[in-house]
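Descriptive structure summary
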Amino acid sequence: MIAIVLSTLLVAQAGADVSRRAEARRYFDAGERAFAQTKYGAAIAAFEQAQAALPNPAVVFSLAQAHRLRYFADLDGADLVRAEELYRRYLAEAPTGGRRKHAVEHLATITPMIERLRLSSTSTRSASSKRPTRLMVQVDVGAAQVALDDHPATSAPLIEEVAPGRHAIRVTADGYFPAELTRTAAEGTIAVVDVELRPRPGVVTVAAPDGADVFVDGTPQGEAPLGRPLELAEGPHRVEVVEAGRRPFARRLDVTRGGTLHVDANLEATTQRHVALWMLGGAGALAVAGGVVALIGVDAGADADETATKLFDEEMALTADEIRAYQSDKRRQGRARVVAASMLSVAAAGAVTGLVLYLLDEPTPGIAPAVAFEEGGGRLGVTLSWP
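Notes on the structure in this doc start here. The shown structure was predicted, so the numbers you read here are calculated from the model rather than taken from an experiment.

Of the regular secondary structure elements, the chain holds seven helices and 16 strands. Looking at the chain as a whole, 34% of its 387 residues are labelled buried. A fraction of 56% describes how many contacts in the chain between residues 6 or more apart in sequence connect residues 24 or more apart. For the chain, the computed accessible surface area is about 22,700 Å², with 57% contributed by carbon and sulfur atoms.

What follows deals with helix H2 (residues 40-53). Between the first and last C-alpha of H2 there are 20 Å, a value that for 14 residues agrees with the 20 Å anticipated at 1.5 Å per step. Burial analysis of H2 places 13 of its 14 residues in the buried class, which makes it a mostly covered element.

The subject of this paragraph is a nonpolar patch on the surface. On the surface, a nonpolar cluster with roughly 260 Å² of combined accessible area is contributed by Val288, Val292 and Ile296. Owing to a relative accessible area of 54%, Val288 belongs among the exposed residues under this scheme.

Summed over all chains, the structure comprises 10 salt bridges. Among the salt bridges present, the one from Asp29 reaches Arg25, with a minimum N-O distance of 2.9 Å. Remark: Arg25 and Asp29 occur in helix H1 (residues 2-36); sequence separation between them is four residues, near one turn of the helix. Residue classification places Asp29 among the partly exposed residues on the basis of a relative accessible area of 27%. Taking the shortest distance from any N to any O, the salt bridge between Glu93 and Arg89 comes out at 2.9 Å. Taken together, the positions of Glu93 and Arg89, both in helix H4 (residues 77-93) and four residues apart, correspond to about one turn of that helix. Take Glu93: its relative accessible area is 38%, and that puts it in the partly exposed class.

What follows covers unusual backbone geometry. With an omega of 0°, the peptide bond between Ala156 and Pro157 qualifies as cis. Even without being a glycine, Asp217 presents a positive backbone phi close to 55°. Position of Asp217 relative to the elements: it lies in the loop between strand S9 (213-216) and strand S10 (219-223). The class of Asp217 is partly exposed, set by a relative accessible area of 44%.

Attention shifts here to the sheet that holds strand S5 (residues 165-172). The strand order S3-S2-S5-S6 describes an open sheet built from four strands, whose pairing is antiparallel. Strands at the two margins of the open sheet, each flanked by one partner only, are strand S3 (154-155) and strand S6 (179-185). Here strand S2 (residues 145-148) runs beside S3; their pairing, made up of two bridges, is antiparallel. From the neighbouring strand, Val146 faces S3, where its bridge partner is Thr154.

Here we come to the nonpolar core. In this structure, Phe47, Leu80, Tyr87, Tyr90, Ala103, Ile110 and Ile190 are the most contacted members of the largest nonpolar core, which totals 34 residues. When contributions to this core are tallied by element, the ones reaching two or more residues are H1, H2, helix H3 (57-74), H4, helix H5 (100-117) and strand S7 (190-195). Here Tyr87 is in contact with Phe61, Ala64, Gln65, Arg68, Ala103, His106, Leu107 and Ile110, once residues within four sequence places are set aside.

Below, the discussion takes up H5. Since there are 3.6 residues in each turn of an α-helix, residues three or four apart along the chain are aligned in direction. Given a rise of 1.5 Å per residue, 18 residues ought to cover 26 Å, and the 25 Å separating the end C-alpha atoms of H5 matches this to within 8%. Restricting attention to buried positions, one finds in H5 the residues Ala103, His106, Leu107, Ile110, Met113 and Ile114.

Turning our attention to the side chain of Glu84. Mapped onto the elements, Glu84 comes out in helix H4. Among the residues examined, Glu84 registers a relative accessible area of 15% and is labelled buried. If near-sequence neighbours (up to four positions away) are discounted, Glu84 is found in contact with Leu107, Ile110, Thr111 and Ile114.

On to the sheet that holds strand S14 (residues 260-264). If you walk across this open sheet you meet the three strands as S11-S8-S14, and the pairing is mixed. The outermost strands of the open sheet, each flanked by one partner alone, are strand S11 (230-232) and S14. On average, each strand axis in the sheet is tilted by 30° relative to the strand beside it, whichever way the strands run. Where strand S8 (residues 202-207) and S11 come together, three bridges link them in antiparallel fashion.

Turning next to the packing of aromatic side chains. Think of a pair of aromatic rings as described by two things: how far the centres are apart, and how the planes are tilted against each other in angle. For the structure shown, the criterion picks out five aromatic pairs. Their ring planes at 40° and their centres at 5.3 Å tell us that Phe28 and Phe47 sit as a pair that is tilted. Pair noted here: Phe28 is in helix H1 and Phe47 is in helix H2, with a separation of 19 residues, a long-range link. Summarising the aromatic geometry, the rings of Tyr71 and Phe72 are spaced 5.3 Å apart at their centres and angled 70° between planes, so their arrangement reads as edge-to-face.

The contact between H3 and H4 brings their axes to 8 Å, and the two run at 160°. For the element pair H3 / H4, the angle class is roughly antiparallel. Crossing angle aside, the handedness with which H3 passes H4 is left-handed. Across the interface between the two elements, Pro57, Val60, Phe61, Leu63, Ala64, Gln65, His67, Arg68, Arg70 and Tyr71 of H3 pack against Gly77, Asp79, Leu80, Arg82, Ala83, Leu86, Tyr87, Arg89, Tyr90 and Glu93 of H4. Class assignment of the residues belonging to the contact of H3 with H4 gives a composition of 11 nonpolar, three polar and six charged.

Rules of the game
Residues numbered from 1 in each chain as written. Predicted model: local features only at pLDDT ≥ 70, side-chain atom pairs only at ≥ 80, totals over all residues. Heavy atoms only, no water. Helix = DSSP H or I, 4+ residues; strand = E, 2+ residues; numbered from the N terminus. Buried < 20%, exposed > 50% of the residue type's maximum accessible area, 1.4 Å probe, protein only. Contact = heavy atoms within 4.5 Å. Areas by Shrake-Rupley, 256 points an atom, 1.4 Å probe, with all protein chains shown as cover. Expected span 1.5 Å × (residues − 1). Patch = residues over 30% accessible without salt bridge, like charges linked within 9 Å, V, L, I, M, F, W, Y side chains within 5 Å. Salt bridge = Lys/Arg side-chain N within 4 Å of Asp/Glu carboxyl O. Pairing = 2+ DSSP bridges. Core = buried A, V, L, I, M, F, W, Y, C linked by side-chain atoms within 4.5 Å. Axes fitted to C-alpha atoms, helices over the stretch in contact; angles between N-to-C directions. Phe/Tyr/Trp six-rings, centres within 6.5 Å; stacked < 30°, edge-to-face > 60°. Parallel < 35°, antiparallel > 145°, perpendicular 65-115°, else oblique. Left-handed = near helix turned anticlockwise from the far one by under 90°. Nonpolar A, V, L, I, M, F, W, Y, C, P; charged D, E, K, R; others polar.

If you want it as structure tokens, here you go:
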């Protein structure tokens, strides 16, 4: 039982450490952004909250740097005194720290300055003085604009001194959906707001023959004409259009956020479809010709039967010409039967083969090469790529 309780406490402690580390990192990153913009007051506030969340000598050094540089901007001697305290604290907490040399150099510079200034209580900023309330908005994309309350939009990141309470934030950027949110800034602190903008999809319209199947990256999108344009995420995509009896169409697209592209899929008939149609047409023509030959045979047989009727039924004597005509009709009848049977057999075989070729002429998505056009260096290149 004791082991279970101890294990639970250790897991809870580990979770708390992870949370504190994430909070300290978040405020430290905000301080670095403010420091890079020479907004040292906001940087100090962020570094102090990072240090409160998870004490670290590196944060102490960053605080000393911000106070020292703010002194040169505002000439408030209290910053110089505070910087000296922090540099000495850093040396004590990190005797082998990587910034030890810089801390010693800065102390050698500012300590004589403090002696010369002979700081008085009126020239020194009291540690108990009221701290300003700030709001910092960080955006995960570049070139974003941030509007705070009713103020005009400015480039991100935004670091502003605000009144304690709730504030409305609107973030915009080309190619992204705007974000609107509210945050509360507690008095005397810096409220850091991280905003992740959702990218707008690229819009792709596809023109293809009615009934053709449209695929994107191997996923079916429906039959043409599509009811609406395709919305695709930024990046490369493969658009395919397939239809029975036609060569598959494939195009590789580089979709941009919020961009618009048009694909015109002209599908050409396959060689197999041409052969199938020719065979079906030829089989039909051959069947008609076979029927004609069969009719000729039937006519010859009728003439021969008429002659035979005279001889056997009417017991009439036949002349030599009638006998020769009878023999000729029987020969024509026999030849017509053989030729007609052959022609009809070939026609049937051709029709079956053509029908099989026609029915089996189904496209397979993903086998057609994708075509991409590239221009550069004064030359136009065409790239073919297979999946």
